[in-house]
Amino acid sequence: MASAITTLAADAPTLSSANTGFMLICSALVMLMTPGLAFFYGGMVRVKSSLNMLMMSFISLGIVTILWVLYGFSLAFGTDSGSLIGWNSDYVGLSGIGITELWDGYTIPVYVFAVFQLMFAVITPALISGALADRVKFSAWVLFTALWVTVVYFPVAHWVWGAGGWLFELGVIDFAGGTAVHINAGAAALGVILVIGKRVGFKKDPMRPHSLPLVMLGAGLLWFGWFGFNAGSWLGNDDGVGAVMFVNTQVATAAAMLAWLGYEKLRHGSFTTLGAASGAVAGLVAITPSGGSCSPLGAIAIGAIAGLLCAMAVGLKYKFGYDDSLDVVGVHLVGGVVGSLLVGFFATGGVQSDAAGLFYGGGLEQLGKQAIGVFSVLAYSLVASALLAFLLDKTIGMRVPEDDEVAGIDQVEHAETAYDFSGAGGGAASRSTAAAPTHSAASKKVDA
């Protein structure tokens, strides 16, 4: 018995300063993605609502951080209850955690795991905001964010990643958030816009991006931060899986960007900067659930498929009449579904787990598990988000008045404008030009 105890103690994980430092860097990279998303979205809207778009992402850093510390981490990663939710009183306020206490089975402290997962929780509701550009009260958005992470994100994160969560136990592969982040946010966006309706002038007025350089800056920051998002999700750097994920993130993103641009050229006759940025994000989304299970060649295929399908999907809103302002549904929902389902085809069985996809002799079993994960998260998030939006709309109201929307949500909601031309000269003509409506990303993609 003594020798067995000695062996067990010797095999127990010990704190790794290398893995701890690596994960803190990855956490900082993921945090940077939220300001990057703010720039990405902020450049795609008209100038009169660019500050509001920035704030809808940035405020998530405040709201979700506090809720995560108070109870979110406990709900998502506490002791399982019924395979649906977690709870651990030691995690409430992060007050009962020792500074060197390790996350179970790993060589990093619980604090490090908690702050890494916090950054995922922060960016997920921010992703939703792109679908709601130009028309939502900021106070309503703040309340929606707080309710949504509590009712939707924290439980879904437990399903997918929490020990005992039903999708985790089923064997659904989601390396870094295809279901918990991207499908979750994309389905939520669709649910909310079906409740609150279209922007004034949708399908009629030009709504071009006011600053494509900001869009490209945001896309670059997202691409950079995504290496922490994806490679860090293995929670260490000891066995090479994180390195494979890093490589797959790069190559899938490159393939998706090229596929999107190729589609644009064939369909619309131009290679646009907006298409390059959107294609890159589509590739990042698709490789997030799948990159830990496929080879680099598989990652190229996944990225190319996602780039093509997402480029095709952004035009569906004009066909079906839902106003997804900045293509959250077309990129994040469709990209997340594509990437998650393609695990069932491209998983090699030799990277993060021995689960193999159809192309590697694994049959349809893993594809079936992936489909269950995809459509259960999609359905829950869609319905729950629509109900939250409906309740808020019927109580405090979700939308700004039509006159305020036409005048510009920045001035109404924030008492500011993005650009001050008062010192640039030109008098009334300059002010008139500065105030003129521009155009939204979605229309640009179709018009290009």
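See the structure shown above.
As the structure is a prediction and not an experimental result, all values here were calculated from the model. (Residues numbered from 1 in each chain as written. Predicted model: local features only at pLDDT ≥ 70, side-chain atom pairs only at ≥ 80, totals over all residues. Heavy atoms only, no water.)

Turning to a nonpolar patch on the surface, a few remarks are in order. Judged by side-chain polarity, Ile305, Leu308, Leu309 and Met312 come together as a nonpolar surface patch covering roughly 300 Å² of accessible area. Within the secondary structure layout, Ile305 lies in helix H11 (residues 296-313). (Patch = residues over 30% accessible without salt bridge, like charges linked within 9 Å, V, L, I, M, F, W, Y side chains within 5 Å. Areas by Shrake-Rupley, 256 points an atom, 1.4 Å probe, with all protein chains shown as cover. Salt bridge = Lys/Arg side-chain N within 4 Å of Asp/Glu carboxyl O. Helix = DSSP H or I, 4+ residues; strand = E, 2+ residues; numbered from the N terminus.)

Attention shifts here to the pattern of salt bridges. According to the stated counting rule, one finds six salt bridges in the structure shown. Between Asp134 and Arg199 there is a salt bridge whose closest N-O contact spans 3.5 Å. Taken together, the positions of Asp134 in the loop between helix H4 (110-128) and helix H5 (138-161) and Arg199 in the loop between helix H7 (178-196) and helix H8 (212-231) put the pair 65 residues apart, joining distant regions of the chain. Judged on exposure class, the residue Asp134 and its partner Arg199 are both buried. (Buried < 20%, exposed > 50% of the residue type's maximum accessible area, 1.4 Å probe, protein only.)

Taken as a whole and assessed by the stated rule, the structure comprises 26 aromatic pairs. One aromatic cluster is present, formed by Trp68, Tyr71, Phe73, Phe77, Tyr91, Trp103, Phe113, Tyr153 and Phe154 through successive ring pairs. (Phe/Tyr/Trp six-rings, centres within 6.5 Å; stacked < 30°, edge-to-face > 60°.)

Its place among the elements puts Ser57 in helix H3 (residues 50-77). Exposure remark for Ser57: the relative accessible area of 0% places this residue in the buried category. The contact partners of Ser57, leaving out residues within four places of it in the chain, are Thr34, Leu37, Ala38, Tyr41, Ala126 and Ser129. (Contact = heavy atoms within 4.5 Å.)

So, on to the environment of Gly336. Note on placement: Gly336 falls in helix H13 (residues 328-346). In this structure, the C-alpha to C-alpha distance between Gly336 and Gly350, residues 14 residues apart in sequence, is 22 Å. When sequence neighbours within four positions are dropped, the list of residues in contact with Gly336 reads Gly178, His182, Ile183, Val285 and Val331.

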